[in-house]
Amino acid sequence: MVESPPEGYVEKAVVDLTSEQGMKLAAVLLGLALIVAVPVAMAWYVDVVRPGALDLGLTKDQEGSIIIGFDLGAMLSYLAVLVLVLVFHELVHGVVFWRVSGEAPTVGLKGVFVYVSAPPSVFFQRDRYLWVGAAPMVLLTLVGVLLVLLLPASLMLLDVLFVALNAAGSAGDLVMILMLLRYPSSSLIRDLDSGMVIYGLGAP
Ligand SMILES: [Zn+2]
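Parameters at a glance
- Residues numbered from 1 in each chain as written.
- Predicted model: local features only at pLDDT ≥ 70, side-chain atom pairs only at ≥ 80, totals over all residues.
- Helix = DSSP H or I, 4+ residues; strand = E, 2+ residues; numbered from the N terminus.
- Buried ≥ 20, exposed ≤ 12 C-beta atoms within 10 Å, placed from the backbone.
- Contact = placed C-beta atoms within 7 Å.
- Expected span 1.5 Å × (residues − 1).
- Axes fitted to C-alpha atoms, helices over the stretch in contact; angles between N-to-C directions.
- Parallel < 35°, antiparallel > 145°, perpendicular 65-115°, else oblique.
- Left-handed = near helix turned anticlockwise from the far one by under 90°.

A. Focus on the overall build of the chain. When helices and strands are counted, the chain shows six helices and eight strands. Mapped in sequence order, the helices and strands of the chain form the string β-α-α-β-β-α-β-β-β-α-α-α-β-β. Counting all 204 residues of the chain, 28% fall into the buried class. Within the chain, counting contacts between residues at least 6 apart in sequence, those at least 24 apart form 73% of the total.

B. Up close: helix H1 (residues 21–49). Taking 1.5 Å as the rise per residue, H1 with 29 residues should run 42 Å; its terminal C-alpha atoms sit 41 Å apart, in good agreement. Among the residues making up H1, those that are buried are Ala27, Leu34, Val38, Met42 and Val46.

C. Fine view of the packing of helix H4 (residues 126–150) against helix H5 (residues 156–169). The geometry of H4 relative to H5 is characterised by a closest axis approach of 9 Å and an angle of 170° between their N-to-C directions. Considering their axes alone, H4 and H5 lie roughly antiparallel with respect to each other. The hand of the H4/H5 crossing is left-handed. Between H4 and H5, the residues in contact are Pro136, Met137, Leu140, Thr141, Gly144, Leu147 and Val148 and Met156, Asp159, Phe162, Val163, Asn166 and Ala167, respectively.

Worth remembering: the numbers are spatial, not functional.
Below is the structure:
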């Protein structure tokens with residue numbers, strides 16, 4: 001069922017994220033940049049507000065280089081952090097979707113990835129849709145940054161990993177936000193499972 005947009009609005013573009021090679025490449029490159037840059041920034045921040053805290057969770061060799069644990073316990077804790085990131089990231093999208101649209105989002109599973117999408121009957125104002133996209137990056141980064149002040153030092157490495165994985169996992173959201181910023185703020189967005197439809201005022 002295809003819903004029609006409000007009076008005066010026409011379809012401007014259909015963005016299918018599965019076939020947008022440029023956006024996919026941009027998301028991968030941005031994700032790689034973030035997975036490197038975010039731990040560096042976080043390590044610097046931890047060093048300022050909790051000096052030495054990160055060292056306690058890390059083992060160092062004789063030259064003082066950091067050895068990151070790869071024994072079973074460590075691997076399981078990294079995996080647990082990854083699952084937490086996936087769940088909380090989508091949960092934040094979903095809750096903000098719900099607040100903004102007033103309708104319950106649908107939750108689905110693609111392979112191992114949980115995704116949340118809005119019902120197709122919802123036409124989002126552009127800026128509200130941008131907030132839905134940006135919310136996990138903004139909120140979960142803030143939570144991770146605050147947790148640095150509260151968590152025991154033994155969990156500091158996992159907190160840094162949490163912030164880094166969430167940031168890298170937000171790369172696709174950020175690319176989508178940059179793409180949507182090229183459209184006027186009066187635009188309306190309808191969510192699809194694998195993309196979105198963009199509506200604007202006037203002629204197509
Ligand atoms: Zn996301």
